[in-house]
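Fold and geometry: a report
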Amino acid sequence: MLWDYQQPVAIRFGNGRVREIKDVAAEMGLTEGGLLVSERLFAQNGTAERIVKDSEGAITEIFSDFSPNPDVTEVDKAAALIRDKHLKFVVAMGGGSAMDLAKSAASIALTNDSITEYHGTGKAMPQEHLPIIAVPTTAGTGSEVTCVSVLTNRALGKKAPIVSDGFFPSVAIIDPELTYSVPPHVTASTGMDVLSQAIEGYWSKGHQPICDACAIHAAPLVFKYLPIAVAEPDNAEARQKMCEASVIAGLAFTLPKTTSSHACSFPLTNIHGIPHGEACGLTLDWFARVNKDAQHGRVQEFARAIGFEDVDAMADAIHELKVKVGLRTGLKDLNLSADQIADLVRISRHPNLYNNPVEITDEMLQEMYEHLAATD
């Protein structure tokens, strides 16, 4: 077995560490010219302004004009701001949307290109990029330690990831206190994304021992602490453990890459508006049963390693977790037509699908979606 491991992101974890942004920038020789990419909520509630003030002049601009599942046009706008103001580094504060936009903008700003030239085209991103300090505010995407930026081109109806080593942040600051204000349904959805990342990273064709160990550490934390974080938003232990699970799940999947559940999540989000993590979780227990005997028993070993008798028991627990935290377990409410199901099958044939340890046929996808379409 041949494998490589690389993790170039320095991680700072703990309550209150968001106040270290200025120090982190200074350690990189950056005392001015910072851009804060912040979701609108933080621009509106004063958090973004406080971050700028606490930076003591290091951060000079705020960009919050972007949507959930950021569009390629929004990336180009952020890149134009970086060029016009001659900015020197980027702080990405928020969930996956802020991270995804910041990563792409920090690279494309050093060119005169549009990000559309690299989105779903196969063209390699330029490796030169501005330094990024990533500050996640959800326990979800793991984007603070990955080299992936997921963008949407609404004009073309396309959502796809771009992968580039230039997208790795220089430093990730994980401050669990920033997650206390996340609403319960968002907590549930992003937490399910964590579980999907860990499990898919483990069974991915690109699996390797270090990432496997991260997956085995992260997954049980989600089963134990996600229901608590949803029911008790101010529970410090649950929030901290979900942040721990999130960053470690990010390490678990960034090199092996995600697989079937993530592939199917893209049309579920793009076409039907299901939040990303919820869309991943919708099919996770189904694919667990599909993959249970793959890789000479590795997936069964994973289930036992995280405390279950076998993969079927783990799949049952995934279903129970979705019910407990209020996530959907079916698509019956959408009243899907045969043509809509056919579209889901077709668009699910995303590159991530080919990382799955079992070959997924159109017939298997058809069966799965028909089952979900009949399930509440």
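Please read all numbers here as calculations on a predicted model, not as lab measurements.

**A word on the sheet that holds strand 1 (residues 10-13)**
Spatial ordering of the open sheet is given by 1-8-5-4-2-3, a layout of six strands whose pairing is parallel. With one partner strand each, in any of the chains shown, strand 1 and strand 3 (59-63) form the two edges of the open sheet. Looking at each pair of strands side by side, their axes are set apart by 20° on average, direction ignored. Both strand 1 and strand 8 (residues 171-174) contribute to a ladder of four bridges, which runs parallel. Paired with Ala 10 across the bridge in strand 8 is Val 171. With respect to the sheet, helix 4 (residues 72-85) is in contact with strand 2 (34-38), strand 3 and strand 4 (89-94), its orientation differing from that of strand 3 by roughly 160°. Along the sheet, helix 8 (residues 236-253) makes contact with strand 1 and strand 8, crossing strand 1 at roughly 170°.

**Considerations on the domain arrangement of the chain**
The assigned domain composition of the chain is domain 1 (10-178) and domain 2 (183-373). With 21 residues of domain 1 at the contact, the number on the domain 2 side is 22 residues. Around 1,700 Å² of area is buried between domain 1 and domain 2 when both sides are counted, 67% of it from carbon and sulfur atoms. The largest per-residue losses of area from domain 1 upon contact with domain 2 belong to Phe 13, Ala 139 and Lys 159, which jointly make up 31% of the total buried on that side. At the junction of domain 1 with domain 2, the criterion picks out four residue pairs in polar contact (both at pLDDT 80 or more). Breaking the side of domain 1 that touches domain 2 down by element, the ones donating at least two residues are strand 1 and strand 7 (158-163). No other element matches the four residues that strand 7 contributes to the side of domain 1 that touches domain 2. Taken together, the residues of the side of domain 1 that touches domain 2 sort by class into 11 nonpolar, seven polar and three charged.

**Overview of the packing of aromatic side chains**
Per the counting criterion, the structure on display carries three aromatic pairs. Geometrically, the ring pair formed by Tyr 202 and Phe 302 is tilted, given 4.6 Å between the ring centres and 40° between the ring planes. Here Tyr 202 is found in helix 6 (residues 184-203), whereas its partner Phe 302 is found in helix 11 (residues 298-305), with 100 residues between them in sequence. Given the relative accessible area of 7%, Tyr 202 is considered buried. Classification of Phe 302 by relative accessible area gives buried; the value is 1%. Across the ring face of Tyr 202, the terminal group of Arg 298 is positioned such that the distance to the ring centre comes to 4.1 Å.

**Considering the pairing of strand 5 (residues 132-136)**
In terms of burial, strand 5 is a largely internal element, five of the five residues being buried. Across the two faces of strand 5 the burial is the same, with Ile 132, Ala 134 and Pro 136 and Ile 133 and Val 135 all buried. In this structure, strand 4 lies alongside strand 5, joined through five bridges in parallel fashion. What sits directly across from Ala 92, in strand 5, is Ala 134. At this point the chain moves from strand 4, through helix 5 (residues 96-108), to the parallel strand 5, and the crossover so formed is right-handed. In the sheet, strand 5 pairs with strand 8 via two bridges, with the strands oriented parallel. Looking at the pairing, Ala 134 lines up with Ala 172 of strand 8.

**A closer look at the pattern of salt bridges**
As enumerated under the stated definition, the model contains 20 salt bridges in all. The partner of Arg 40 in a salt bridge is Asp 65, and the shortest N-O contact between them spans 3.2 Å. Of this pair, Arg 40 sits in helix 2 (residues 40-44) while Asp 65 is found in the loop between strand 3 and helix 4, placing the two residues 25 residues apart along the sequence. Classification of Arg 40 as partly exposed rests on a relative accessible area of 37%. What makes Asp 65 partly exposed here is its relative accessible area of 35%.

**Quick look at a nonpolar patch on the surface**
Together, Met 1, Trp 3, Tyr 5 and Ile 210 make up a nonpolar patch on the protein surface, roughly 410 Å² of accessible area in all. Locating Ile 210 in the fold gives a position in helix 7 (residues 209-231).

**Re the state of the cysteines**
Disulfide: a covalent bond connecting the sulfur atoms of a pair of cysteines. Inspection of the entire model under this criterion finds zero disulfides. Cysteine Cys 243 remains unbridged, with the sulfur of Cys 214 as its closest cysteine sulfur at 16 Å.

**Concerning the UniProt feature "domain: Alcohol dehydrogenase iron-type/glycerol dehydrogenase GldA" (unreviewed entry) in the chain**
According to UniProt, the feature "domain: Alcohol dehydrogenase iron-type/glycerol dehydrogenase GldA" (unreviewed entry) maps to residues 8-176 in the numbering used here. Here residues 8-176 runs as 28% helix and 24% strand, with 22 Å between its end C-alpha atoms.

Basis of the calculations
- Residues numbered from 1 in each chain as written.
- Predicted model: local features only at pLDDT ≥ 70, side-chain atom pairs only at ≥ 80, totals over all residues.
- Heavy atoms only, no water.
- Pairing = 2+ DSSP bridges.
- Helix = DSSP H or I, 4+ residues; strand = E, 2+ residues; numbered from the N terminus.
- Axes fitted to C-alpha atoms, helices over the stretch in contact; angles between N-to-C directions.
- Contact = heavy atoms within 4.5 Å.
- Domains from an automatic or database assignment.
- Buried area = accessible area lost by both parts, 1.4 Å probe.
- Polar contact = N/O pair within 3.5 Å; in protein donor to acceptor, adjacent residues only side chain to side chain.
- Nonpolar A, V, L, I, M, F, W, Y, C, P; charged D, E, K, R; others polar.
- Phe/Tyr/Trp six-rings, centres within 6.5 Å; stacked < 30°, edge-to-face > 60°.
- Buried < 20%, exposed > 50% of the residue type's maximum accessible area, 1.4 Å probe, protein only.
- Lys NZ or Arg CZ within 6 Å of the ring centre and 35° of its normal.
- Right-handed = clockwise from strand over helix to strand, strands pointing away.
- Salt bridge = Lys/Arg side-chain N within 4 Å of Asp/Glu carboxyl O.
- Patch = residues over 30% accessible without salt bridge, like charges linked within 9 Å, V, L, I, M, F, W, Y side chains within 5 Å.
- Areas by Shrake-Rupley, 256 points an atom, 1.4 Å probe, with all protein chains shown as cover.
- Disulfide = S-S within 2.5 Å.
- UniProt positions renumbered as here; feature names shortened; annotations may be inferred.

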